[in-house]
Structures are given as structure tokens and as C-alpha cells.
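Structure at a glance
So the chains spell out like this:
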Amino acid sequence: MMDILVRDIYKMPQGQEFEGFFLIESAEIKKHRTGEPYLRLIISDRTGTLPVLWWKPPKDADLTIFKKGDVVFISAYVEIFQGNVQPKIKFMRHAEKGEFPEDRFISKSRFDIEEQFTKLLEIIETVKNPYLKKLLELIFYDDEISSAFTKAPGGKFIHHASIGGLIEHTLGVVEICEVVARRYKSIDRDLLITAAILHDIGKIHEYSIGITIDRTDEGILLGHIYTGSELIAKKIEEIEGFPKELKTKLIHCILSHHGEYEYGSPKKPKTLDAVALHYADALDSKVKGYEEHIERELGEEKGWTKRHFAYDVPIYFDGEINYE
């Protein structure tokens, strides 16, 4: 039987059998009216999540051993309950390491990461302001930071949720900012490009990558806007004579790039550079978020997706995802 993904299961007819490896997002032991236990799971892979029931487990089965974060092998069949897909499990066991591919639960950026990093270094060379250029060199010629930066995701669910997603998103924002800086001559191009390169640097501390992408304690408690601003400020301290006003304007861009207080920004954009960065970040993240949702839901097919949990709309697509 073919090993399939969550998105394929949603398209299956009633009664069709399937098997595969899935991550347990949640596990709850419940009871039938007769008092017999059954297990309700939310399972996932890189294409989505799905509720499943182990409706009639063996009487000697220990249901307590299946917990959030476990990877399991499931053999099941599709059942439609009140119009929703809710498969029932026939057999389930814990998976062994090496039984499933590494990209089963987390994808990798389709762009070559080394090429992306080389491109980033080339952009840094175009920065003429000596203080901003020195700051970028201190950060990205630091092996520990650059290694973390090139591997980090841009998010956990909504956009650029992949290994290498952070550098992909960063370059996307930089490219948009380049266009904006050419159009609006009043903008300080070097400041805007530096802010674009650094706006999400704190995500190297916000996320960890294992079987899936998870937020770190530091990410949950502090967030990437704070940790990024802190990292930048510490590096600025190493640069003799770095202008105080330039530091203030750069840190303001970082603190305000989410645009609104309810989206996590400690400050709203109050300079041309900051407002340009905010909208460039929003544009790249939202378009990519739509694109990733289309891929998860439709694969190579066309039509309507289910409602996007963050943007609260279904998405229509009849083209082809192109990464050229």
C-alpha cells in the first residue's frame, strides 16, 4: 500500500484504506458509552493536519504510550462523519528512526541555500555606508550566526516554514526594498537594505529544527523582534564611532516591522525606511503564505483550497507554482 500524505487522505472516498507515517499533534483517551476506551488523535505531516480515531483498539493496548510529538505508523481507512474526513485506525505503532524520510514533516527551501547566502554577501558589498556595512560583516561573517541563519525557518506555520526559509524570506524582502528605494528617492537605500537583511535575524533564536519546527523557550518568552534588536545592538557596540542617530533609526525599523501592536511590534513605523520595510515584509510573507497553503492543499492540482487558518479565506489557484 502506498505511503501517502495528509492532503491525499482528504481526497479519498469513504472506506478507502491507507497507511503512512505521521506526527501526533495531540492525543486524547476517551470512552465509549460502554466504558471501553478509544483514542482521538490529531496527526500531521508537512502537508497538513487530520483528526483520526482508534475506535476499537485491542483490549490489551496501552493507549497512554502515544503522546504529542511521537512519530507513528498508521494503517487506517477513510470515514466521513458529518461531512468531514475522520479516518479510523486499524493498527498503529511507534516509528523507528530511519523508517521515514527526513522531509516527511518539514520541507526544505527549494532555493539552493549556499547560492542564497552568496547572493546575500554580494548585496552586503553594495552597502556604501561604512558603519552599516561593517555591522553586516560582523554579523554574517560570524560562522555561528551565519550557520544558524542559513538553516533557520522563516516561520512555524504561516510562511517560509522550511529549512532555509529565513534566508529565502530575507532575500525576498531585500529585493522588494530595492525596488522601493529606486522609486522613492527620499529613502536612505543603505539603511533600508540593512534593515531588510536584519529584520528577522532574531529568528535564529526563536525556532529549533528537529523532526518539525518548534519555537524555543527564548522565542516564546521574548520573540524574535526583541532578540534581533538585542543582537544588533550588541554588534553595534563593537563598532567604534557608530552614529547614535543611525543606530536609533535602524533599531526602530526592526522594532516596528510588524506594523501594528497587535501583530507584535513594540512600535509602529514612524520613518520612511520603517514603513517601507513593514510593507515589504508583509508582501513577501503573505504571498509566500498563500503559495505554501496552495502547495499543501492542492499539490499539483488546481482549484480551491480549504480556508487558510491565518488569513481566514479559501484560496483559488489555476496556475503552476514556479520557482525560476
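Note: the structure precedes this text.
Residues numbered from 1 in each chain as written. Predicted model: local features only at pLDDT ≥ 70, side-chain atom pairs only at ≥ 80, totals over all residues. Heavy atoms only, no water.

Side note on the overall build of the chain
Where we set the bar: Under the scheme used here, helices are H or I runs from DSSP no shorter than 4 residues and strands are E runs no shorter than 2 residues, and both carry numbers assigned from the N terminus. The Shrake-Rupley method, run with a 1.4 Å probe sphere, supplies the accessible areas, and residue values consider only the shown protein chains as cover. Residues scored as charged are limited to Lys and Arg (positive) and Asp and Glu (negative), so that His and the chain ends carry no count. A charged residue contributes its charge at one atom only: NZ of Lys, CZ of Arg, CG of Asp or CD of Glu.
In terms of helices and strands, the chain carries 11 helices and 13 strands. Overall, the chain is about 75 × 40 × 35 Å in size when its C-alpha atoms are taken along their principal axes. For the chain, the exposed area adds up to about 17400 Å²; of that, 52% sits on carbon and sulfur atoms. Computed over 44 positive and 55 negative side-chain charges, the inter-centroid distance for the chain is 5 Å.

What to know about the side chain of Ser75
Applicable threshold: Using a 1.4 Å probe on the protein chains alone, a residue whose accessible area is under 20% of its type maximum counts as buried, one over 50% counts as exposed, and one in between counts as partly exposed. Only heavy atoms matter for contacts: two residues are in contact if any of them lie within 4.5 Å across the pair.
Within the secondary structure layout, Ser75 lies in strand β4 (residues 71–77). Accessibility expressed as a relative area gives 11% for Ser75, which makes it buried. In this structure, Ser75 is in contact with Phe18, Glu19, Ile89, Lys90 and Phe91, ignoring residues within four places of it in sequence.

Here we look at the environment of Ile201
Summarising the element assignment, Ile201 is placed in the loop between α6 (189–198) and α7 (203–206). As for Ile201 and Phe242, which are separated by 41 residues in sequence, their C-alpha atoms are 20 Å apart. Setting aside residues no more than four positions away along its own chain, Ile201 makes contact with Ile139, Phe140, Ile145, Phe149, Gly228, Leu231 and Ile232.

Considerations on the layout of surface pockets
The criterion, for reference: A 1.4 Å probe that fits into a set of points on a 1 Å grid over the protein atoms alone but cannot get out defines a cavity; an open set with protein on both sides within 12 Å along at least five of seven lines defines a pocket, and lining residues are those with an atom within 4 Å of a point. Grid points are joined across faces, edges and corners, and a volume is the space filled by probe spheres set on the points. Put simply, Ala, Val, Leu, Ile, Met, Phe, Trp, Tyr, Cys and Pro go in the nonpolar bin, Asp, Glu, Lys and Arg in the charged bin, and everything else, Gly too, in the polar bin.
In this structure, the second largest pocket occupies an estimated 720 Å³ of space. Around the second largest pocket, the lining is made up of 29 residues, and of these Ile158, His159, His258, Tyr263 and Ser285 lie nearest the centre. Of all the secondary-structure elements, those providing two or more residues to the lining of the second largest pocket are α7, α9 (224–237) and α11 (272–298). Per element, the largest residue contribution to the lining of the second largest pocket is five residues, and it comes from α11. Classifying every residue of the lining of the second largest pocket gives 11 nonpolar, 11 polar and seven charged.

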